[in-house]
Each structure stands twice: as C-alpha cells, then as structure tokens.
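Chain residues, written in single-letter form:
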Amino acid sequence: MDAQTKMDTFVITGMTCANCSARIEKELKEQPGVVSATVNLATEKASVTYKETSTEKLIRSVENIGYGAILYDDAHKQKIAEEKTAYRKKMKFDLIFSAVLTLPLMLAMIAMMLGNNSEIVHFFHRPIVQLILAIPVQFYVGWRFYKGAYHALKTKAPNMDVLVAIGTTAAFALSVYNGFFPSHSTDLYFESSSMIITLILLGKYLEHTAKSKTGDAIKQLMSLQTKTAQVLRDGQEQTISIDEVNLSDILVIRPGEQIPTDGKIISGTSAIDESMLTGESVPVEKKENDSIFGGTINTNGLIQMEVSQIGKQTVLAQIIQMVEDAQGSKAPIQKIADRISGIFVPIVLVLAVLTLLITGFMTNDWQLAVIHSVSVLVIACPCALGLATPTAIMVGTGVGARNGILIKGGGALEAAAHLSSIILDKTGTITRGTPEVTDVLGNEEVASLFYSLEYASEHPLGKAIVAYGETQGMIAEPITDFTAHPGAGISGKINGQFYFAGTRKRLEEMTLSFDEFQEQALELEGQGKTVMFLANDKKVLGLIAVSDQIKDDAKQAIAQLQNNGVAVYMVTGDNQLAAQAIGKQVGIDPAHIFAEVLPEDKANYVESLQKKGEKVGMVGDGINDAPALALADVGIAMGSGTDIAMEAADVTLMNSHLTSISQMIALSTATLKKIKQNLFWAFIYNTIGIPFAALGFLNPIIAGGAMAFSSVSVLLNSLSLNRRMTHSKKG
C-alpha cells in the first residue's frame with residue numbers, strides 16, 4: 001500500500017441479509033477513488049481501501065442507500081458500543097412487545113382448531129380485536145422491514161426485507177378485506193402476519209446473540225489489555241492509566257499481575273505465562289534483558305521492566321488487529337454465495353407471482369393462492385446463505401488465535417486446507433536457530449580471524465562464531481573492504497591481507513584447493529554440522545564447524561504431516577552432506593532436500609513445485625525467507641522470526657512449534673468443512689422449502705419459523721468449531 005492509499009474499517013448498521021452486504025459493497029466500490037471494498041455480514045463491518053476521497057463521503061454513500069456507517073477507530077468505539085447496546089435493547093423490547101400481542105391471536109387460533117368455542121375464544125376471533133392486536137406488530141415492530149424494503153427497491157437491490165414486507169402485508173391486507181368488507185370468506189390471517197414478524201424477529205435476536213459469540217476470541221484478547229500500570233517516577237511507585245505510560249518508563253510488576261505493555265526486564269527474574277500469545281501453557285523463564293509482552297502474566301518473581309512499545313505497536317494490539325482483519329475478510333468459496341444471493345431474491349419474487357397465478361387459476365381460490373405465495377416469500381429469505389461463510393471464518397480464525405496460530409484472512413484459511421506440500425527452511429524452523437561452534441581446525445589464528453570477519457555479522461552462524469570468540473577472550477581486528485556474499489560467505493582485509501570465510505562452493509569458484517581439510521570436513525558434515533572455511537587469496541587456512549540443535553518436536557511434526565498426505569521438503573544454504581544428515585534425523589526423504597540454496601533462490605523452489613500442480617506451504621523465520629513466504633500458496637512464519645517474515649506470511653505460529661502446522665491444516669480443513677455444510681444446508685433448505693411452500697404443504701407461520709431458525713442453525717454449526725478444536729487439542 002503506497003503512502004497515498006488509506007484503509008478504513010466501518011461498522012455498518014441496518015443489514016439484514018447477504019443482499020444488503022452485497023449492495024453496500026457494490027455502492028462503496030462505485031465511489032470515486034475507492035480501490036477495494038469488502039463488507040462482512042457476520043461482523044457487520046466494511047473494510048475500504050481508497051485514494052482521493054474521505055471517510056465522510058464514504059459514510060454518506062452508505063447512508064444514501066438506507067444503511068448506517070460509523071468509522072471503526074478509537075474515537076468512535078464508545079459510540080459503537082453504545083449504539084450496539086441500544087440496538088440490542090430495542091430489539092429485545094420489540095420482540096417481547098410483538099410476542100405479547102401475537103400470543104392471544106395464536107392461542108385463539110389453536111383453541112378454535114381444537115374445537116373450543118368459548119366466549120373468550122370468540123372474542124379474540126372478532127375482526128376488530130384481531131386488527132387492534134395486529135396493527136402495532138405489523139406497522140410498529142414490522143416498520144424495520146418496510147424501511148429496509150423501501151431502500152432496497154429504491155436502489156434496485158431487493159433483499160430479505162422486501163420478501164417479509166410483501167408477504168406479511170399480503171396476509172394482513174387479505175385479513176382486513178375478509179373481516180371488514182363483503183366477502184365470501186371469513187378467514188382471517190392476522191395471526192399469520194403477526195407470527196411471521198415475531199418469529200423472524202426472534203430469529204434475528206438469536207442470530208445477533210450467536211453472532212456475538214463468534215467474536216469471543218477478540219473479546220478475550222481485548223480483556224488482556226490492562227487499564228493501569230505501576231510506574232517508577234522520581235524513585236516513587238505510582239499507579240497510572242495505561243494511556244499515560246511512555247516509552248522508556250520503568251514499570252513494576254508483582255507476581256500474579258498482568259504485564260501492561262511490551263518491554264524488557266531490567267531487574268529480577270520470573271516465569272511468564274505467555275499462553276495468550278502462543279497457546280503454550282508452560283510458563284517461560286525470563287531474566288534480565290529478555291523481552292516480555294503486554295497481556296502475559298508474571299507468575300512468580302517481582303520484576304522491573306523498561307517499556308519498549310506502547311499502544312497499537314504492542315504485540316497484543318497487533319494480534320488483535322490481525323484477527324479483526326482476518327474475521328472481516330472473505331474466503332474464495334464465499335463468491336458462490338455472493339453470486340447466488342445477488343439473483344436469489346428476484347427469482348423468489350418471480351416464483352411467488354407464479355405460485356399466486358398457477359394456484360389461483362387451478363383452484364379458483366385466490367385467497368389460498370395468496371397464502372401459498374406468502375409462504376414462498378417468507379421461507380425463501382436468504383439469511384442463512386449470507387451467514388454460512390463469514391461466521392465459520394470468524395470462529396475458525398478465533399480458535400486459531402487462542403491456540404497461537406494467527407491466520408491473516410479467509411483466503412489463507414481456505415488455502416491451508418488444500419496444501420499438498422510443505423517446504424521447511426532449516427535454520428530457525430527445523431532447528432532452533434541458535435547454533436554453537438563445535439570444532440575449529442587449522443592454525444591458532446583461524447578462530448581469531450573468523451571472529452574478526454564475523455564480528456558485525458547478523459547471520460545466525462556468524463553470531464555463533466562471535467559468541468565463541470567472546471568466550472575465548474578474543475579481540476576483533478579492524479576490517480577494510482568488507483564484502484558480504486549472500487549465501488556464500490564474507491570477505492575483507494585484516495592488516496592489509498585479504499581473507500574469506502564461507503562455503504566450499506565459493507572456494508571452488510575462487511579455484512582454491514581444500515584437499516588438506518577435505519576428509520575432516522566430510523566427517524563433520526556427515527554429522528549434520530555446518531562447515532565454514534577460512535582462506536586468504538592463496539590457500540585454505542582452516543575451518544570451523546557449527547551445529548544447530550534440532551527442535552524437540554521437529555521429527556514428530558514432520559511425521560504428522562507425512563501421515564496426513566502432505567509431502568515435506570527442506571531448503572537450506574548448507575552443503576548437501578550436512579543437509580542430508582539433518583534430513584535423515586527428522587525423517588525427510590533425501591530427494592526432498594534442497595541444499596546449497598541461495599536466499600534469493602528459495603522462491604524458485606516454491607514456484608517449481610507449484611508448476612507441478614502442488615499447493616505449497618512455505619515455513620520460515622528469516623528476512624531471506626520473505627520472498628518465498630509471499631509466493632507460496634500459504635506462507636507460514638515462525639513467531640520467533642523477523643517482523644518482515646511475519647508481514648510477508650499468511651499465517652504466524654506464535655509458539656514456533658512445528659506441530660502447529662498440522663494443527664493449522666486441521667483447523668483450516670474443519671473450517672472449510674463447516675462452510676460447505678452451511679452452504680449445503682442453506683441451499684437445500686431453500687431448494688426443498690420453496691416447492692413445499694408453493695404446493696401448500698407449509699403455512700406462512702411454519703415457513704416464518706423455519707426461515708428464522710435456519711440462520712440460527714448455521715451460526716450454531718459454525719460455533720461447534722470451538723468444541724471440535726478444543727476436543728482435538730485435549731486429545
């Protein structure tokens with residue numbers, strides 16, 4: 001995103017079905033300067049990327065088509081919370097009010113059907129009494145449907161409100177005609193129109209309640225943000241608001257307290273419960289200079305920390321933002337539902353008219369024809385269709401976040417379920433990324449020359465050599481003409497003499513013989529150690545062997561993937577012998593090991609597998625992994641890695657456990673299965689329900705109840721992901 005491009009999120013009010021979200025999305029996309037727009041029915045939010053327009057114009061464009069929009073930022077969050085609370089209270093009041101007025105109509109109808117002819121039953125069957133009870137339900141409680149229908153028809157995008165408004169109005173008007181005008185029929189349908197509105201409102205209320213549970217992950221994360229902190233100022237401990245904490249402040253955290261923000265320990269030691277970030281239940285031992293993160297819990301020792309990040313820059317705030325973005329995104333499979341919902345309501349209106357005409361001409365009973373067409377209108381509302389995909393994505397990404405698996409969006413969530421190959425970077429992924437020097441061969445100057453060359457290095461192997469040199473009390477000599485050879489080594493001049501430290505391959509390019517060290521090098525590489533050579537411009541002087549310990553869960557994780565039919569590959573800059581030794585230890589097929597790979601070439605291996613038809617996941621943690629992570633079908637970054645790697649990736653494993661890859665695939669597969677189940681039942685429900693309603697097998701009340709609870713069933717099916725993944729985790 002360039003500097004001129006902005007992205008804002010808006011809370012949308014007034015949406016009732018998939019057609020509403022599609023209409024708003026279309027309207028936003030048509031605004032001048034808008035690059036992209038996505039509207040999510042389940043989260044009731046719109047994400048808009050734009051240039052050369054303003055938030056005010058975007059809000060007005062939404063309001064012009066009959067909906068509301070509030071900018072979702074810190075300044076408006078209180079207003080949004082208040083409006084949601086007021087909306088929920090209003091809906092609850094309207095539901096109770098509607099139910100109280102509808103109940104006598106329903107009870108009187110049931111009593112009459114059971115043969116009860118008492119005076120009270122006859123009283124409630126009087127047209128005037130039923131009209132008095134039905135008018136508030138139809139035109140006060142039901143006003144929301146008329147208002148929504150008006151705006152939908154005005155913008156030529158008929159939605160659920162149109163179907164409900166037409167259906168209930170037809171039943172209400174027919175009742176008025178039969179009750180107060182000369183007619184051959186005395187049948188009244190006030191209870192049908194009132195009950196339809198009540199049931200649909202009940203469904204919407206239950207849907208609203210269930211939808212709030214799909215966002216539980218965000219609420220839990222937000223609850224971890226502390227309100228106050230204990231700060232040391234002028235030698236005195238003060239309690240201040242978290243908003244008043246500044247960078248470099250010294251905070252005091254006692255045992256059992258939550259850490260207010262990100263920073264590093266400057267005094268004390270403790271074990272920190274980081275389960276909210278990583279999903280890892282075992283507390284992590286922390287000492288001076290170790291990083292700690294806001295929202296985690298100090299389990300035992302008294303510590304002091306120096307603040308390094310505040311506000312939106314903290315890890316917890318970034319996780320919350322990432323999860324919110326993911327929950328508001330769309331999966332590719334949702335395009336099916338979007339296309340169908342766009343034409344569904346017009347088709348239903350046509351079917352309702354056909355039902356009216358065919359039933360009327362065939363039976364010559366036009367009142368019966370009206371009732372049949374009302375049933376068609378009511379049962380066909382596409383609410384479940386619009387909720388099928390976004391609710392499952394919300395729950396799936398939330399479950400992932402609670403288990404330390406951060407999935408950036410619906411597209412990544414869906415793609416992960418189809419992965420057929422996983423490429424693992426070696427250093428920091430299969431191994432711990434903290435190598436140590438194990439062997440030094442050559443004269444006594446070899447180690448100190450290596451140390452001087454690598455002194456400023458950021459490469460993990462270079463750091464290992466520097467750490468070794470410091471333990472030996474070495475002093476780094478000044479270097480001139482320093483040059484880094486990516487994937488091959490480094491060179492420079494020490495006291496005017498040229499030196500190179502790096503790979504065997506580079507030595508061959510320099511036409512230098514390493515026969516003197518060939519046998520020892522092969523033996524060390526056969527043990528899985530990485531060997532680096534030291535040479536001047538004439539000959540090879542010696543070598544250093546570095547070993548990086550394999551992660552405890554690497555072998556188990558790779559076996560899990562292979563058992564699930566996922567091919568596992570390893571890519572590394574190590575030479576072939578060392579790479580094969582590591583691969584053998586963790587169970588990777590020798591043919592699946594790519595060795596001596598330059599950083600810029602890692603993406604080529606991803607691309608080569610994709611060309612063979614594979615769906616490729618790339619797992620890495622370094623800056624040099626970023627291109628491959630971005631190119632892969634699903635890029636997976638280790639949480640212990642660099643910010644650039646995590647930015648390029650689609651998924652971040654906060655606990656850096658390789659076994660989380662299988663958990664992520666299982667979660668993605670389960671979520672995609674729920675989406676397909678939801679879409680199937682939404683389609684089948686309407687496919688079966690409409691013919692039954694058209695043929696008169698479903699009266700309007702049953703149709704209204706079935707329509708209302710279809711949405712709730714989709715939501716409950718999505719929420720069952722919580723139980724499934726909790727159970728699988730315990731297992």
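Residues numbered from 1 in each chain as written. Predicted model: local features only at pLDDT ≥ 70, side-chain atom pairs only at ≥ 80, totals over all residues. Heavy atoms only, no water.

## Some details on the overall build of the protein
- Across its full length, the protein carries 27 helices and 26 strands.
- The burial tally for the protein puts 53% of its 731 residues in the buried class.
- A sequence separation of at least 24 residues applies to 69% of the contacts in the protein between residues at least 6 apart.
- Carbon together with sulfur atoms contributes 57% to the accessible area of the protein, which is approximately 33,000 Å² in total. (Helix = DSSP H or I, 4+ residues; strand = E, 2+ residues; numbered from the N terminus. Buried < 20%, exposed > 50% of the residue type's maximum accessible area, 1.4 Å probe, protein only. Contact = heavy atoms within 4.5 Å. Areas by Shrake-Rupley, 256 points an atom, 1.4 Å probe, with all protein chains shown as cover.)

## A closer look at the UniProt feature "transmembrane region" (unreviewed entry) in the protein
- The feature "transmembrane region" (unreviewed entry), as given by UniProt, occupies residues 93-114, 120-141, 340-362, 368-388, 678-695 and 701-721 in the numbering adopted here.
- Here residues 120-141 is 91% helix and 0% strand, with 26 Å between the C-alpha atoms at its ends.
- Across residues 678-695 one finds 94% helix and 0% strand; the C-alpha atoms that close the span lie 26 Å apart. (UniProt positions renumbered as here; feature names shortened; annotations may be inferred.)

## Here we look at the sheet that holds strand S8 (residues 262-267)
- Strand order in the open sheet formed by six strands is S6-S5-S7-S13-S8-S11, with antiparallel pairing between adjacent strands. Strands with a single pairing partner mark the edges of an open sheet, and in this sheet they are strand S6 (236-241) and strand S11 (291-292).
- Summarising the sheet, strand S5 (residues 228-233) and S6 pair through six bridges and their orientation is antiparallel. The residue bridging Gln 230 from the neighbouring strand is Thr 239, located in S6. (Pairing = 2+ DSSP bridges.)

## Looking at the packing of helix H5 (residues 127-141) against helix H6 (residues 143-154)
- Axis separation between H5 and H6 bottoms out at 4 Å; the angle between their running directions is 40°. With respect to each other, H5 and H6 are oriented oblique. Here H5 contributes Gln 138, Phe 139, Tyr 140 and Val 141 to the contact with H6, which in turn contributes Trp 143, Arg 144 and Tyr 146. (Axes fitted to C-alpha atoms, helices over the stretch in contact; angles between N-to-C directions. Parallel < 35°, antiparallel > 145°, perpendicular 65-115°, else oblique.)

## Considering the pairing of strand S24 (residues 616-620)
- When you tally the buried positions in S24, you get five out of five residues, the bulk of the element.
- Burial along S24 is two-sided: the residues Val 616, Met 618 and Gly 620 and Gly 617 and Val 619 are all buried.
- In terms of strand pairing, strand S15 (residues 421-425) meets S24 through four bridges, oriented parallel. Counterpart to Leu 424 in the pairing with S24 is Val 619.
- One ladder, built from four bridges, connects S24 with strand S25 (residues 634-638); its direction is parallel. Within the sheet, the bridge partner assigned to Gly 620 lies in S25 and is Ala 637.

## Notes on the UniProt feature "domain: HMA" (unreviewed entry) in the protein
- Per the UniProt entry, the sites bearing "domain: HMA" (unreviewed entry) are residues 6-70 in this numbering.
- Structurally, residues 6-70 is divided into 32% helix and 37% strand, and its ends, taken at the C-alpha atoms, are 16 Å apart.

## Some thoughts on the pattern of salt bridges
- All told, the structure shown has 15 salt bridges when counted by the stated rule.
- The shortest N-O distance in the salt bridge between Asp 249 and Arg 233 comes to 2.8 Å. One end of the pair, Asp 249, is in the loop between S6 and strand S7 (250-253); the other, Arg 233, is in strand S5, with 16 residues separating them in the sequence.
- Looking at Arg 233, the relative accessible area reads 24%, which means it is partly exposed.
- Bridged by salt links that share partners, the residues Lys 90, Asp 94 and Arg 144 form one connected network. (Salt bridge = Lys/Arg side-chain N within 4 Å of Asp/Glu carboxyl O.)

## With respect to the pairing of S5
- Where S5 folds back onto S6 in an antiparallel hairpin, the turn is made up of two residues, including Asp 234, whose phi is positive at roughly 55°.
- Here S5 runs beside S7; their pairing, made up of two bridges, is antiparallel. Bridge pairing links Val 231 to Leu 251 in S7.

## Observations concerning unusual backbone geometry
- With a phi angle near 55°, Asp 234 is a residue other than glycine that sits in the positive phi range.
- In this structure, Asp 234 sits in the loop between S5 and S6.
- Residue Asp 234 is classed as exposed on the basis of its relative accessible area of 80%.
- If you check the backbone angles, Ser 248 has positive phi at about 75° while not being a glycine.
- Position of Ser 248 among the secondary structure elements: in the loop between S6 and S7.
- Relative accessible area serves as the criterion here: at 48%, Ser 248 is assigned to the partly exposed category.

## Here we look at the packing of aromatic side chains
- Evaluation of the coordinates by the stated rule reveals 14 aromatic pairs.
- Ring centres of Phe 594 and Tyr 605 lie 4.4 Å apart, and the angle between their planes is 25°; on these two criteria the pair is classed as stacked. Note that Phe 594 is positioned in strand S23 (residues 593-594) and Tyr 605 in helix H23 (residues 602-611), a separation of eleven residues in sequence.
- One aromatic cluster is present, formed by Phe 139, Trp 143, Tyr 146, Phe 172 and Phe 190 through successive ring pairs. (Phe/Tyr/Trp six-rings, centres within 6.5 Å; stacked < 30°, edge-to-face > 60°.)

## Focus on helix H2 (residues 55-63)
- Three or more residues of H2 are buried, namely Thr 55, Leu 58, Ile 59, Ser 61 and Val 62. Down the axis of H2, the buried side of the element spans an arc of 160°, and every buried residue falls inside it.
- Its buried side turned inward, H2 meets strand S1 (6-13), helix H1 (18-29), strand S2 (34-40), strand S3 (45-50) and strand S4 (68-71). (Arc of directions from axis to C-beta.)

## Some details on the sheet that holds S1
- The four strands lie next to each other as S2-S3-S1-S4, forming an open sheet whose pairing is antiparallel. Lying at the two open borders of the sheet, with one neighbouring strand each, are S2 and S4. Taking the axes of each pair of neighbouring strands and ignoring which way they run, one obtains an average angle of 25° across the sheet.
- Bridge count for S2 against S3 is six bridges, and the pairing is antiparallel. Bridge pairing in S3 links Ser 36 to Thr 49.
- Its contacts with the sheet put H2 on S1, S2, S3 and S4, and the angle it makes with S4 is roughly 160°.

## Regarding helix H18 (residues 460-471)
- For H18, which comprises twelve residues, the first-to-last C-alpha distance of 17 Å matches the rise-based estimate of 16 Å (1.5 Å per residue) to within 8%.
- Along H18, the positions that sit buried rather than exposed are Leu 461, Gly 462, Ala 464, Ile 465, Val 466 and Gly 469.
- The first or second residue beyond H18 is Gly 473, which carries a positive phi of 75°. (Expected span 1.5 Å × (residues − 1).)

## Points about a nonpolar patch on the surface
- A cluster of nonpolar side chains, contributed by Ile 343, Ile 347, Val 350, Leu 351, Leu 354, Ile 358 and Met 362, occupies part of the molecular surface with about 660 Å² of accessible area.
- Along the chain, Ile 343 turns up in helix H12 (residues 334-363). (Patch = residues over 30% accessible without salt bridge, like charges linked within 9 Å, V, L, I, M, F, W, Y side chains within 5 Å.)

## A short note on the side chain of Ser 668
- Of note, Ser 668 is situated in helix H26 (residues 659-694).
- The residues touching Ser 668, leaving out its near neighbours within four places in the chain, are Leu 413, Ala 416 and Ala 417.

## Details of the packing of helix H21 (residues 554-563) against H26
- Packing of H21 against H26 leaves a shortest axis separation of 7 Å and a crossing angle of 30°. Viewed along their axes, H21 and H26 adopt a mutual orientation that is roughly parallel. Between H21 and H26, the residues in contact are Gln 556, Ala 557, Gln 560 and Leu 561 and Thr 659, Ile 661, Ser 662 and Ile 665, respectively.
- Residue classes in the contact of H21 with H26 are distributed as four nonpolar, four polar and no charged. (Nonpolar A, V, L, I, M, F, W, Y, C, P; charged D, E, K, R; others polar.)

## With respect to the environment of Thr 239
- For Thr 239, the location among the structural elements is in strand S6.
- The exposure class of Thr 239 is exposed, given its relative accessible area of 53%.
- Spatially, the C-alpha atom of Thr 239 lies 45 Å from that of Ser 61, the residues being 178 residues apart in sequence.
- Side-chain polar atoms of Thr 239 contact the side chain of Gln 230, separated by 2.5 Å. (Polar contact = N/O pair within 3.5 Å; in protein donor to acceptor, adjacent residues only side chain to side chain.)

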